[in-house]
Structures are given as C-alpha cells and as structure tokens.
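Inside the fold
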Amino acid sequence: MSGAESRLAAAELLHLTLDKRRTLDEAMVLSEFFNELEGSDRGFARAIASSALRHLGWIDETVQPYLSRPLAATGTEIRALIRAGAAQIWFLGVAPHAAVNATVDAARLTRGARSGGSFLNAALRRVSEAPPPESQLPPENIWPEWLRAALIDSLGTDGARSLAEAQRGEPALHLTATRSPEAVAVGVGGPRLASGSIEAAAGAIEELPGYAEGDWWVQDQAAALPARLLGVQPGERVLDLCAAPGGKTLQLAAAGAAVTALDRSAPRLERLRENLERTGLSAEVIVADGETWTPDAHFPKILLDAPCSALGTLRRHPEGAWIKTAADTARFPAVQARLLDSAARQLASGGTLIYCVCSPIAAEGRDVVNAALAKGRLVRLPIEPGECPGFEDCVSPEGDVLTLPNASRDCDAFYISRLVLASK
C-alpha cells in the first residue's frame, strides 16, 4: 500500500476543510492521519490537498459526468478521495495508475470509505482518461458560482481571470526588512522586487537566515504598500487602528514612527508583541474596540487595515472560496464603514488616513470609501503611480490602488485609498 497513507491524510485534510469549514492550516493541526506522517509523505499529502483546493471548482465540475451518482451524494470520505485522486492526475503530474491504485488503497484503510472502493476505482479510472479541466473550462470556474459572480462584477472578466490564474500556482514568499533590505536579500538569496519587498525561496521560515536576528518579517509585497503610502516621518505619532497580526505596525515602527497599535483581539496582538521583540522594534500595544476607542489626542497619521473577507489572499488560502459564503462576506461593509468613521474622528487637522482591505470586492473597498466621501468629512488624496513601484498599473483614475497579480507580478489583491480631512 505504498503511498496510501499520504492519500488518506490528504483526503482527511479536504474533509476537515470543506465539510468542517476549517482553514487548511487548522486542518493540518487537527488531522490524525496527517500528523502520523513524516518528511516527504507529509509534504505530499499537503500538496495534494492544496492542489485540490486551488482547483476545486474545476475538479467538481469535470468529474461529475464520470460518476454514476452525484458527487454530493457520494459520502464525505469517498468525495474527498475522488477530489484527491483527480488533483494528482490533473495537476500534480502523478502517473494515473499510481494515483488510482494508491487512492483506492487509501479507501481500504478507513471504515467510512472501505465499502465504496469499487465505485472510487471506477470513477478515478474514468477521470484518468478524461480531458483535463483547463481544456474545457475558463479559469474563473475554479470558484463557486457566487464568488465567481462577485469577482467578475468587481473586476470584470479579465481581472477575475487574472486572479484565478494566480490562484493556480503556489505563491512566492515575500519579506520586509527591518533595517537593511540589501543585506536581507543577500542573506536569503532572493531578489529585491521593484516594490521594495524581498522574495525568498519557500521553506521553513524559522530556518531562513536573519529570522532569529529579527532582520525581517513575512509580508506580501502588496500588503506592504499601505504603510509606505502613509509617508510617516521619524518621531511622528501614528495609529494602526486594526493592527493584528502586525506587519504594518512593524513597518511603521521601522520607519521611526511612534506607533500606537490597537486591535480588539488580545490573542492576535500577542503575535505582534512577539514580532516586536524579535525585531527589536517598539510600539504601544492596546487591546480595544476600534469602533469606540477614543485617544487622548488626535493622530496626524492613521492606518486602517479593516477587517474584511480576505478574498484577496486566495492564492495563499484557496479554501477561503469554499468555507465562506456570500452571507459571510456581506457583513463586512457595515463594520468597515463604522471603523472608517471612527478613524476620521481620531484624525488630526491636516492629517492623513490610509484605508485598505485585502479584498478585491468593490463593496468592501471602493464603495466604503465613496460612501465616506459623500458624508463630506473626508476627501481623497490621490495616490500617484510613481509612489507605487511595481504597481504603477494598479492606480485607478481616481487615485486609489487595487493590486492584482498577473503573469509578471505575484501578490495578494489589496485595495488602498488615501484620505484627508476636508477643509472647512
């Protein structure tokens, strides 16, 4: 049964993620089968699950004609094994006979799938002879229908397609340097990107040169833009209003600002405190609700990275498309609007406010900002293309930024708007 254990672990990861609505990271902690594996077997199980999640819409749509009953009616264990088998055959380059045999062997190792081994064998053999999904379906069909419609509505077909294509590949690892970007780039052996971020080879983060010394932290290059666009000066007071897990706080502190990092989640702020200690940076950390907290004095600079659907991070967390629903994402704009109102109240005269979300959905970004502008308290301070090296084409005519990955740029989808108080 060589390889069966890896397939069984991958199937359990898919079951925990898709049926129990856990993130893949959570599933890897919870999965008994996965945690019994070591080394390359463990890595292969994760690769199968990750690939299946990246292509899930394609897989489900393409396998259905080759099944004798609806995929949804096959039972959780068999359904997960079908998805794991299809991912191996279509996307991981595993020889069809090896993928079929090892996945069927995996079914025999668990009571819930044992009786369905013959059905699984027949289904995967048909799948192994079928044309791959990419020859039949558009890229955006990797997502559920509700998300596909939402992204096309916000980005257009070409923009949604670009995001889908980016999701199909493993994302790069980006770092932000605490002090010397050139030295960090040399240390990790990766290039410095036009944006100023550093690309590192994938691997165990704690083992990369400079981690223990606090020379850098992990941060997607698009996520590093908002703090840079705030333009803080050494010694300037800055409020990071929804600070956890803290990458932007670290940026602001590294620039010499006097940072107040506020968030309602005490556990998530612990991670920020750990990174401040590791990097040797400092900030005032406050556990409070950003909607109601009132400072002793107004801030000249505020960064609001508002809670959002996180649909801009699908290339790193593809399960988000399937464990969230349209109703889940619909709750965010009201929260974002209240936080933006709160930030405006805390902004000093002549001050600057950055509003950003890691979501490409217009209802969470552009629409929230436009509604705030209509109230008359804030006005937009347009961002110029020259302020966004590597993202010049992402600046809208109004002066907002929406970063999107493409063939030459690996990044999350991030919306950013720069605002100031309106003149009285």
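Whatever comes next refers back to the structure up there.
In short, a report on the structure.

Cut-offs and rules
Residues numbered from 1 in each chain as written. Predicted model: local features only at pLDDT ≥ 70, side-chain atom pairs only at ≥ 80, totals over all residues. Heavy atoms only, no water. Salt bridge = Lys/Arg side-chain N within 4 Å of Asp/Glu carboxyl O. Helix = DSSP H or I, 4+ residues; strand = E, 2+ residues; numbered from the N terminus. Axes fitted to C-alpha atoms, helices over the stretch in contact; angles between N-to-C directions. Parallel < 35°, antiparallel > 145°, perpendicular 65-115°, else oblique. Contact = heavy atoms within 4.5 Å. Pairing = 2+ DSSP bridges. Buried < 20%, exposed > 50% of the residue type's maximum accessible area, 1.4 Å probe, protein only. Arc of directions from axis to C-beta. Polar contact = N/O pair within 3.5 Å; in protein donor to acceptor, adjacent residues only side chain to side chain. Nonpolar A, V, L, I, M, F, W, Y, C, P; charged D, E, K, R; others polar. Core = buried A, V, L, I, M, F, W, Y, C linked by side-chain atoms within 4.5 Å. Phe/Tyr/Trp six-rings, centres within 6.5 Å; stacked < 30°, edge-to-face > 60°.

**Details of the pattern of salt bridges**
Under the defined criterion, the tally for this structure stands at 22 salt bridges. A salt bridge links Arg 315 to Asp 220; the shortest N-O distance between them is 3.2 Å. Taken together, the residues span a long stretch of sequence, with Arg 315 in the loop between strand 7 (299-305) and helix 15 (320-323) and Asp 220 in the loop between strand 3 (216-218) and helix 12 (225-230) at a distance of 95 residues. Of the charged contacts, one joins Arg 409 and Asp 393 as a salt bridge, the two residues approaching to 2.8 Å between their closest N and O atoms. One end of the pair, Arg 409, is in the loop between strand 10 (401-403) and strand 11 (414-421); the other, Asp 393, is in the loop between strand 9 (378-380) and strand 10, with 16 residues separating them in the sequence.

**Brief notes about the packing of helix 4 (residues 39-54) against helix 6 (residues 76-91)**
Packing of helix 4 against helix 6 leaves a shortest axis separation of 8 Å and a crossing angle of 90°. What the angle tells us is that helix 4 and helix 6 run roughly perpendicular. Where helix 4 abuts helix 6, its residues Phe 44, Ile 48, Ser 51 and Ala 52 lie against Arg 83, Ala 84, Ala 87, Gln 88 and Phe 91.

**Considerations on the sheet that holds strand 3**
Either a parallel or an antiparallel arrangement is found when strands of a sheet pair, and the pairing is made through backbone hydrogen bonds. In space, the 3 strands of this open sheet follow the order 2-1-3, with antiparallel pairing throughout. Both outer strands of the open sheet, strand 2 (198-200) and strand 3, are each paired with one neighbouring strand and no more. The mean inter-strand angle of the sheet, taken between neighbouring strand axes irrespective of direction, is 40°. Pairing geometry for strand 1 (residues 173-177) and strand 3, over 3 bridges, is antiparallel. By the bridge assignment for strand 3, Leu 175 is matched with Val 218.

**Quick word on helix 18 (residues 366-374)**
Among all positions of helix 18, only Val 368, Val 369, Ala 372 and Leu 373 are buried. One face of helix 18 carries all of its buried residues, which in axial projection span an arc of 135°. Trailing helix 18 by a residue or two, Gly 376 shows a phi angle of about 90°, which is positive.

**Section: the side chain of Thr 176**
In this fold, Thr 176 is placed in strand 1. By relative accessible area, Thr 176 is classed as buried at 6%. Of the polar contacts made by the side chain of Thr 176, one reaches the side chain of Gln 219; its length is 2.7 Å. Residues contacting Thr 176, with those up to four places away along its chain left out, are Asp 215, Trp 216, Trp 217, Gln 219, Ala 224, Arg 228 and Gln 251.

**Quick notes on the packing of helix 1 (residues 4-19) against helix 7 (residues 96-107)**
Where helix 1 meets helix 7, the axes come as close as 8 Å, and the angle between the chain directions of the two elements is 70°. In terms of orientation, helix 1 lies roughly perpendicular with respect to helix 7. Counting all contacts with helix 1, which are made through Ala 4, Arg 7 and Leu 8, the residues of helix 7 involved are Ala 98, Ala 99, Ala 102, Thr 103, Asp 105 and Ala 106. Partitioning the contact of helix 1 with helix 7 into residue classes produces 6 nonpolar, 1 polar and 2 charged.

**Details of the environment of Asn 101**
Position of Asn 101 among the secondary structure elements: in helix 7. For Asn 101, a relative accessible area of 35% translates into the label partly exposed. For Asn 101 and Leu 151, which are 50 residues apart along the polypeptide, the C-alpha to C-alpha distance reads 38 Å. Within the structure, the side chain of Asn 101 is placed 3.2 Å from the side chain of Arg 125, a separation counted as a polar contact.

**Here we look at the nonpolar core**
Nonpolar side chains in soluble globular proteins generally cluster together in the buried interior. In terms of nonpolar packing, the biggest core is built from 63 residues, with Val 63, Trp 90 and Trp 143 touching the most fellow members. Elements with a minimum of two residues in this core: helix 1, helix 2 (24-30), helix 4, helix 5 (56-63), helix 6, helix 7, helix 9 (117-128) and helix 10 (145-167). With 10 residues, the top contributor of residues to this core is helix 6. Formed by 61 residues, the second largest nonpolar core is a distinct cluster that contains Ala 243, Ala 244, Ile 286 and Cys 411.

**Focus on the packing of aromatic side chains**
Counted by the stated rule, this structure contains 5 aromatic pairs. A centroid spacing of 6.2 Å and a plane angle of 25° characterise the contact between Trp 58 and Phe 91, whose relative ring orientation is stacked. In this pair, Trp 58 sits in helix 5 while Phe 91 sits in helix 6, placing the two residues 33 residues apart along the sequence. Phe 91 shares its class with Trp 58; the two are buried. Ring geometry for Trp 90 and Phe 91: centres 6.4 Å apart, planes at 65°, overall edge-to-face.

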